[in-house]
Amino acid sequence: MEKSMFRKTVFAVAMAASAFVATAAYAHPRLATALPAADATVAAPTKVQLVFTEALVAQFSGIDLSMTEMPGMKMGPMKINGVKGALAADGKTLVATFARPLSAGTYKVDYHVVSTDTHRIQGSYTFKVR
């Protein structure tokens, strides 16, 4: 009876471990936090900061910023030139710093990142500047 219980326990532990390894092997980076946050209204920011759940590869990761609306006027997306994303020292944070604070309007952040395990994701969100 003891051998049977031992085998069942070993089998259960092995199955749990294999499920964990399979999950970790197929993980993708996710956007954990963003500043400014999605759908937020903020005072004129001087940077966009995106924190991901996994370490990123700098040369394959970036941020694009577009203005999609000015106060009182809808418009097509106007890309903000000179925005460059840089990887912070923690390896998980992508930061785009602007030469001057953003003016009032609605902005769209487009990002693409590749994690160190080569998974690529992309996404976007908007925020407003008052």
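For the structure, check the block above.
Here is what the cut-offs are and how they apply
Residues numbered from 1 in each chain as written. Predicted model: local features only at pLDDT ≥ 70, side-chain atom pairs only at ≥ 80, totals over all residues. Heavy atoms only, no water. Helix = DSSP H or I, 4+ residues; strand = E, 2+ residues; numbered from the N terminus. Buried < 20%, exposed > 50% of the residue type's maximum accessible area, 1.4 Å probe, protein only. Contact = heavy atoms within 4.5 Å. Areas by Shrake-Rupley, 256 points an atom, 1.4 Å probe, with all protein chains shown as cover. Phe/Tyr/Trp six-rings, centres within 6.5 Å; stacked < 30°, edge-to-face > 60°. Salt bridge = Lys/Arg side-chain N within 4 Å of Asp/Glu carboxyl O. Pairing = 2+ DSSP bridges. Axes fitted to C-alpha atoms, helices over the stretch in contact; angles between N-to-C directions.

### Considering the overall build of the chain
Link 1 in the chain: In terms of regular secondary structure, the chain is built from 1 helix and 9 strands.
Link 2 in the chain: Reading the secondary structure of the chain in the N-to-C direction produces α-β-β-β-β-β-β-β-β-β.
Link 3 in the chain: In the chain, which comprises 130 residues, the share counted as buried stands at 30%.
Link 4 in the chain: Taking the intrachain contacts of the chain between residues at least 6 apart in sequence as the baseline, contacts between residues at least 24 apart amount to 64%.
Link 5 in the chain: By element, 62% of the accessible surface of the chain is carried by carbon and sulfur atoms, the whole surface being about 8400 Å².

### Quick look at the packing of aromatic side chains
Link 1 in the chain: Tallied over the full model, the rule gives 3 aromatic pairs.
Link 2 in the chain: Ring geometry for Y107 and F127: centres 5.7 Å apart, planes at 20 degrees, overall stacked. Placement of the pair is Y107 in strand β8 (residues 105-114) and F127 in strand β9 (residues 120-129), with a sequence separation of 20 residues.
Link 3 in the chain: An aromatic cluster is built from Y107, Y125 and F127, whose rings are joined through pairwise contacts.

### Observations regarding the pattern of salt bridges
Link 1 in the chain: Under the criterion given, the structure shown has 2 salt bridges.
Link 2 in the chain: Of the charged contacts, one joins K79 and D64 as a salt bridge, the two residues approaching to 3.5 Å between their closest N and O atoms. With K79 in strand β5 (residues 73-79) and D64 in strand β4 (residues 62-70), this pair connects stretches of sequence that are 15 residues apart.
Link 3 in the chain: Accessibility expressed as a relative area gives 29% for D64, which makes it partly exposed.
Link 4 in the chain: In this structure, D110 engages K108 in a salt bridge whose closest nitrogen and oxygen atoms are separated by 3.6 Å.
Link 5 in the chain: Given a relative accessible area of 23%, D110 falls into the partly exposed group.

### Some remarks on the environment of M75
Link 1 in the chain: Looking at the element boundaries, M75 is found in strand β5.
Link 2 in the chain: For M75, the contacting residues outside a window of four places in its chain are M67, T68, E69 and M70.

### Here we look at the sheet that holds strand β6 (residues 85-87)
Strand pairing in a sheet relies on backbone hydrogen bonds. The paired strands run either parallel or antiparallel.
Link 1 in the chain: In space, the 4 strands of this open sheet follow the order β1-β3-β7-β6, with antiparallel pairing throughout. If you trace the sheet from one side to the other, it starts and ends with β1 (31-35) and β6, each paired once. Going from strand to strand, the sheet's axes swing by 20 degrees on average, the running direction of each strand aside.
Link 2 in the chain: For strand β3 (residues 47-52) and strand β7 (residues 93-97), the ladder comprises 5 bridges, and the chain directions are antiparallel. Bridging across to β7, K47 finds its partner in T97.

### As for unusual backbone geometry
Link 1 in the chain: Geometrically, the link from L35 to P36 is a cis peptide bond, its omega value of -10 degrees lying close to zero.
Link 2 in the chain: For D39, which is not glycine, the phi dihedral falls at a positive 65 degrees.
Link 3 in the chain: In the Ramachandran plot, T118 falls in the positive-phi region, its phi being about 75 degrees despite a non-glycine side chain.
Link 4 in the chain: Relative to the helices and strands, T118 resides in the loop between β8 and β9.
Link 5 in the chain: For T118, a relative accessible area of 64% puts it in the exposed group.

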